[in-house]
Number of protein chains: 2
Amino acid sequence: MHSFTEENYLKAIYKLQETNGEVVATSALAQVMGVHAPSVTDMLKRMAGKKLVTYQKSKGVKLTERGRQVAVGIIRNHRLWEVFLVDKLDYKWDEVHDLAEQLEHIHSEDLTNKLDKFLGFPKADPHGDPIPDSNGVLPKSKAVLLSTLKINEQGTFTGVTDHTAAFLNYLDKTGFSLGDPIKVKGIEEYDQTYTLQLKGKKEVVVSFKVANSLLLSY
Amino acid sequence: MHSFTEENYLKAIYKLQETNGEVVATSALAQVMGVHAPSVTDMLKRMAGKKLVTYQKSKGVKLTERGRQVAVGIIRNHRLWEVFLVDKLDYKWDEVHDLAEQLEHIHSEDLTNKLDKFLGFPKADPHGDPIPDSNGVLPKSKAVLLSTLKINEQGTFTGVTDHTAAFLNYLDKTGFSLGDPIKVKGIEEYDQTYTLQLKGKKEVVVSFKVANSLLLSY
DNA sequence: TAATATAATTAGATTACCCTAATTTAATTT
DNA sequence: AAATTAAATTAGGGTAATCTAATTATATTA
């Protein structure tokens, strides 16, 4: 089995590859892992030895297929446990991240699959992030940032790109709820604030920062 | 927080104190932890430094009150997760131990308490072992070994002292089920085999080894 | 009680993961 | 292209948890 640390590196590399392109830099990894660069160099050598990543001196890292499988497996665990915490234990969506960070490292495919079944094979976690299936296939999301919509366009609120408790709290407070319809009623040229119509005709004004962190589907 | 290793030492010391008396020997601990004696000596020094145990060179270990609290907390986690696995995920009682060994180390009192509530505040795990409450109080069991009963005495099967999958499987196969009544119909002088009447009048013959691993309550 | 056997400790190493300081490699600017 | 800046690596160390081999302390038995 792999250590928790290795698994966390794999997850971090996976996410950086998703958002920042194929090859991941030592410094970027150091930042998200909260360690210093030499620790990363060190770790990458060990992980390359185990064929979890391909690593070339000063040229960054990529996951191998095996590394990707492990990473996706952990993401699957993470998101399923988040669903468990929210659906079964009544946690709120802004409270579950740290607990899921622990639970994701429980090693048992069988447990993961039984949990999946118990939860009714959910497609997404409480933040709208898709849950990989047991073969490590993660459905490509067709959701789009609210900030790309034009006036009078609309969609269903299906996810966020900012997972901080602060942001999620703001959404709760302001009346955003996953699955609800959202319509763009106005965009202010000057400062790019968006006027949105939420479910029940409620209108709210949000900053570009917010509009750029909301995912809508059709 | 404490490391998993520390927590496992604490649990082991706690259990050895329960069964073998107040003071625990290095060698006993080495055996149950599956490590060699010098590793134990080493670890005990570190743990004594953290005030989790009191340790005197060549005189064995005892838990401090703090150490006991941590140990009981882990046992609480372990047993609650076992209930979860059996009641909610349909695991069998002989399959849950290793998974619970992982889950017990999830650090969150809040999670433990929410899980407890979700499970309906169970009093015992799937093997009949009592679950400590949130204050670390573990109810003293009044159960008694079947091997201490005389002919025609009876009780309710409420626990086991052997938790191996092999034994639990044997019980399943033979028709023992937690909560059922058991009556002693005969005891063979020669080899100490017990003839038992199970629920539904079914009679079975078991060895002393088995009779000595079953707990009954009245 | 002296001799022996068992248990526990010390000494010295190893591995995983992390650090700081110094150096090298790569990228950017002049 | 040379000089400067930024990124990455090497060198050398530290801690937690383990090991083996050697030594000391305790317990048992003659």
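See above for the structure.
Treat the numbers as computed from the prediction; the structure is a model and nothing was measured.

1. Digging into the side chain of B:Asp94
Residue and element names in this part refer to chain B.
Step number 1: Mapped onto the fold, Asp94 is located in the loop between helix 4 (65-88) and helix 5 (97-103).
Step number 2: No salt bridge is formed by the buried Asp94; its nearest oppositely charged neighbour, Lys92, is found at 4.7 Å.
Step number 3: A polar side-chain atom of Asp94 sits 3.4 Å from a polar atom in the side chain of Asn169.
Step number 4: Leaving out residues up to four positions away in the same chain, Asp94 has contacts with Ala165, Leu168, Asn169 and Asp172.

2. Observations concerning the protein's contact with DNA strand D
Step number 1: Taken together, 20 residues form the shell around DNA strand D, and within it A:Lys45, A:Tyr55, B:Ser3, B:Ser39 and B:Asp42 come nearest.
Step number 2: Expressed as a percentage, the sugar and phosphate content of the atoms of DNA strand D within 4 Å of the protein is 73%.
Step number 3: A:Lys45 places a polar side-chain atom, nitrogen or oxygen, 2.5 Å from a phosphate oxygen of DNA strand D.
Step number 4: Within the contact set of DNA strand D, a phosphate oxygen lies 3.0 Å away from a side-chain nitrogen or oxygen of B:Arg46.
Step number 5: Put simply, the parts of the chain that give the surface near DNA strand D at least two residues each are helix 2 (26-33) and helix 3 (37-49) of chain A together with helix 1 (4-20) and helix 3 (37-49) of chain B.
Step number 6: Considering every element that reaches the surface near DNA strand D, the biggest residue donor is helix 3 of chain B, with five residues.
Step number 7: When its residues are assigned to classes, the surface near DNA strand D shows eight nonpolar, eight polar and four charged.

3. Quick notes on the protein's contact with DNA strand C
Step number 1: Taken together, 20 residues are adjacent to DNA strand C, and A:Ser3, A:Ser39, B:Lys45, B:Tyr55 and B:Ser58 come closest.
Step number 2: For DNA strand C, the backbone makes up 73% of the atoms found within 4 Å of the protein, where backbone means sugar plus phosphate.
Step number 3: One of the side-chain N or O atoms of A:Asp42 is found 3.3 Å from a base nitrogen in DNA strand C.
Step number 4: At 3.2 Å from a phosphate oxygen of DNA strand C is found a side-chain nitrogen or oxygen belonging to B:Thr26.
Step number 5: Listing elements by their share of the surface near DNA strand C, those giving two or more residues are helix 1 (4-20) and helix 3 of chain A together with helix 2 (26-33) and helix 3 of chain B.
Step number 6: Its residues placed into classes, the surface near DNA strand C shows eight nonpolar, eight polar and four charged.

4. Re the sheet that holds strand 3 (residues 144-145) of chain A
Residue and element names in this part refer to chain A.
Step number 1: One open sheet holds the six strands; their spatial order is 3-8-4-5-6-7, and the pairing between them is antiparallel. Here the strands that pair on one side only, and so sit at the sheet edges, are strand 3 and strand 7 (203-206).
Step number 2: Direction of pairing for strand 4 (residues 154-160) relative to strand 5 (residues 181-187): antiparallel, over a ladder of three bridges. Considered in strand 5, the bridge of Thr156 is made with Pro181.
Step number 3: Across the sheet, helix 7 (residues 165-174) touches strand 4, strand 7 and strand 8 (214-217), and the angle it forms with strand 4 is around 145°.

5. Overview of the pattern of salt bridges
Step number 1: Counting across every chain of the model gives 20 salt bridges over all chains.
Step number 2: A salt bridge links A:Glu6 to A:Lys50; the nearest nitrogen and oxygen atoms lie 2.4 Å apart. Taken together, the residues A:Glu6 in helix 1 and A:Lys50 in the loop between helix 3 and strand 1 (53-55) connect sequence positions 44 residues apart.
Step number 3: Here B:Arg46 makes a salt bridge to B:Asp42, at a shortest N to O gap of 3.3 Å. Linking B:Arg46 with B:Asp42, this pair stays in helix 3, spanning four residues, or about one helical turn.
Step number 4: Here the residues in one salt-bridge network are A:Lys11, A:Glu101 and A:Glu104, joined through shared partners.

How each quantity is defined
Residues numbered from 1 in each chain as written. Chains lettered and ligands numbered in written order. Predicted model: local features only at pLDDT ≥ 70, side-chain atom pairs only at ≥ 80, totals over all residues. Heavy atoms only, no water. Helix = DSSP H or I, 4+ residues; strand = E, 2+ residues; numbered from the N terminus. Buried < 20%, exposed > 50% of the residue type's maximum accessible area, 1.4 Å probe, protein only. Lys, Arg positive; Asp, Glu negative; His and termini not counted. Salt bridge = Lys/Arg side-chain N within 4 Å of Asp/Glu carboxyl O. Polar contact = N/O pair within 3.5 Å; in protein donor to acceptor, adjacent residues only side chain to side chain. Contact = heavy atoms within 4.5 Å. Near = heavy atom within 4 Å. Nonpolar A, V, L, I, M, F, W, Y, C, P; charged D, E, K, R; others polar. Pairing = 2+ DSSP bridges. Axes fitted to C-alpha atoms, helices over the stretch in contact; angles between N-to-C directions.

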